[in-house]
Amino acid sequence: MTTSQAFTLWHRARLVTLATEQGWGLIDQGALLTRGDRIEWVGAEADLPPGLNIPERHDLGGALVTPGLVDAHTHLVYGGDRAREFEMRLQGASYEDIALAGGGIVSTVAATRAASDEALWQSARQRAHALMAEGVTTLEVKSGYGLSAEHEARCLRVARRLGAELPLTVRTTCLSAHALPPEFAGRADDYIDAVCQWLPALHAEGLVDAVDAFCERIAFSPAQTQRVFEVAHRLGLPVKLHAEQLSDQGGAALAASFGALSCDHLEYLSDAGIAAMAQAGTVAMLLPGAYYFLRETKLPPIAALRASGVPIAIATDHNPGSSPTLSPLLMLNMACTLFRLTPEEALRGMTQHAAKALGLADRGRLLAGSRADLAVWGLKHPNELAYAFGQRPDCRRVVAGRWA
Ligand SMILES: N=CN[C@@H](CCC(=O)O)C(=O)O
Ligand SMILES: [Zn+2]
């Protein structure tokens, strides 16, 4: 470490470093040194290297400091809501019934196409603020409610604008293969042709960091998914997949064969899918909000994922149909209560493993060299993050080394 450059000190903190593969990595009376947007040093305050020029110091008053949360699966940009559909499901209709009757995702597509750019921006901005209020510093935003070249681009531009105007990293994912738009009814292969044509144009405009699809009997087949992934592969874009949410389509193994960053949902994941994901280093992105809200009863195969060493991530899956929550902390709680993750697994799932699911190796743990994105909580122990559901603890964020 050179001593001539200026550092910022963040001290009198209880650090949750997650530095090793297991355990919280707690450091009581801890301190962090940052320089620019990077963490330079992490440790006990008593061990601070002597002789440093530290012009700026922040006394955190004993607060708990975790890595900034990473919400790595959201559908944040859309018009309308689906409260009526919620009521229909309570009256007995299933998520699949509603989709097959022309509701579900396609109803949000109509509302999104009808919304102005400004309305899409304002609603997405408010949702992003709600996530930030619970410690999110990195956010993935999918398209998938435009379903035409014009409207997918509009939604992805709003996602990019979130990253440009808010103190937040935003990664965009093109999910044009989310549902069949009405103008392609009965012509799913033609729609996939169209997606394969507009994807390079969206990428050329700088709108796409990754490519996703919904591989399911109410959405697209493995063969159709593969065609989209082949275009992504040619463009050098990583893929991820909504896989095995309602049935086992073999989607996870297909995605793993493309080196997918993550497979998401996974309630119906098979042993073969787990093995393929373990081999490819693909993250299992579990979405307890959708599991809960759709009143799913089949659990993702958590013990088998653990046994195979597949990293488990957790996200809000914020969307109007299956997971209209904007509370990452509630998702940590549900990951524990519904999926029986430990509070440490849940937090690691929304930090280190979520960052991996976005291909971001520079964040998610408090390590020298990592990006200085922090969540500073008015809590004593990290267990409390997953514990007090429905409460919103005091939370401040540091993004790229600055209070945000
Ligand atoms: N499963 C597919 N996509 C979303 C839901 C989209 C919707 O219902 O609007 C999800 O991740 O749960
Ligand atoms: Zn989703």
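Residues numbered from 1 in each chain as written. Chains lettered and ligands numbered in written order. Predicted model: local features only at pLDDT ≥ 70, side-chain atom pairs only at ≥ 80, totals over all residues. Heavy atoms only, no water.

**Here's the deal with the UniProt feature "binding site: N-formimidoyl-L-glutamate" (unreviewed entry) in the protein**
- Within the UniProt annotation, "binding site: N-formimidoyl-L-glutamate" (unreviewed entry) is assigned to Tyr-145, Asn-319 and Gly-321. For this annotated set, covering 177 residues, all C-alpha atoms fall within 11.4 Å of each other, a compact arrangement in space.
- Tracing the sequence through the fold places Tyr-145 in the loop between β6 (136-142) and α5 (149-165).
- A relative accessible area of 2% means that Tyr-145 is categorised as buried.
- Considering the arrangement of structural elements, one finds Gly-321 in the loop between β12 (312-314) and α12 (328-337).
- Among the residues examined, Gly-321 registers a relative accessible area of 3% and is labelled buried.
- When near neighbours in sequence (up to four residues on either side) are disregarded, Gly-321 contacts Arg-82, Glu-85, Arg-89 and Phe-293. (UniProt positions renumbered as here; feature names shortened; annotations may be inferred. Helix = DSSP H or I, 4+ residues; strand = E, 2+ residues; numbered from the N terminus. Buried < 20%, exposed > 50% of the residue type's maximum accessible area, 1.4 Å probe, protein only. Contact = heavy atoms within 4.5 Å.)

**Thoughts on the coordination of the zinc ion (ligand 2)**
- Only His-73 (NE2), His-75 (NE2) and His-242 (NE2) from the protein reach the zinc ion (ligand 2) as donors, at distances of 2.0 to 2.1 Å.
- Considering all 4 donor atoms around the zinc ion (ligand 2), angles at the metal cover 99 to 124 degrees and the coordination shape is tetrahedral.
- Between the donor residues of the zinc ion (ligand 2), the gaps in sequence give the motif H-x1-H-x166-H. Of the two residues, His-73 sits in the loop between β5 (69-71) and α1 (83-90) while His-242 sits in strand β9 (residues 240-243), which places them 169 residues apart along the sequence.
- Its relative accessible area of 0% is what places His-73 among the buried residues. (Donors = N, O, S within 2.8 Å, 3.2 Å for Na, K, Ca; no water. Tetrahedral: all angles 85-135°; square planar, octahedral: opposite > 155°, others 65-115°.)

**With respect to the nonpolar core**
- Membership of the largest hydrophobic core comes to 96 residues, with the highest contact counts inside it found for Leu-162, Leu-266 and Trp-377.
- Per element, the largest residue contribution to this core is 8 residues, and it comes from helix α6 (residues 188-204).
- Trp-10, Leu-32, Leu-374 and Val-398 belong to the second-largest nonpolar core, a separate cluster that totals 13 residues. (Core = buried A, V, L, I, M, F, W, Y, C linked by side-chain atoms within 4.5 Å.)

**Considering the environment of Leu-199**
- You can see Leu-199 is positioned in helix α6.
- For Leu-199, a relative accessible area of 1% puts it in the buried group.
- C-alpha of Leu-199 to C-alpha of Ala-153: the two residues are 46 residues apart in sequence and 9.7 Å apart in space.

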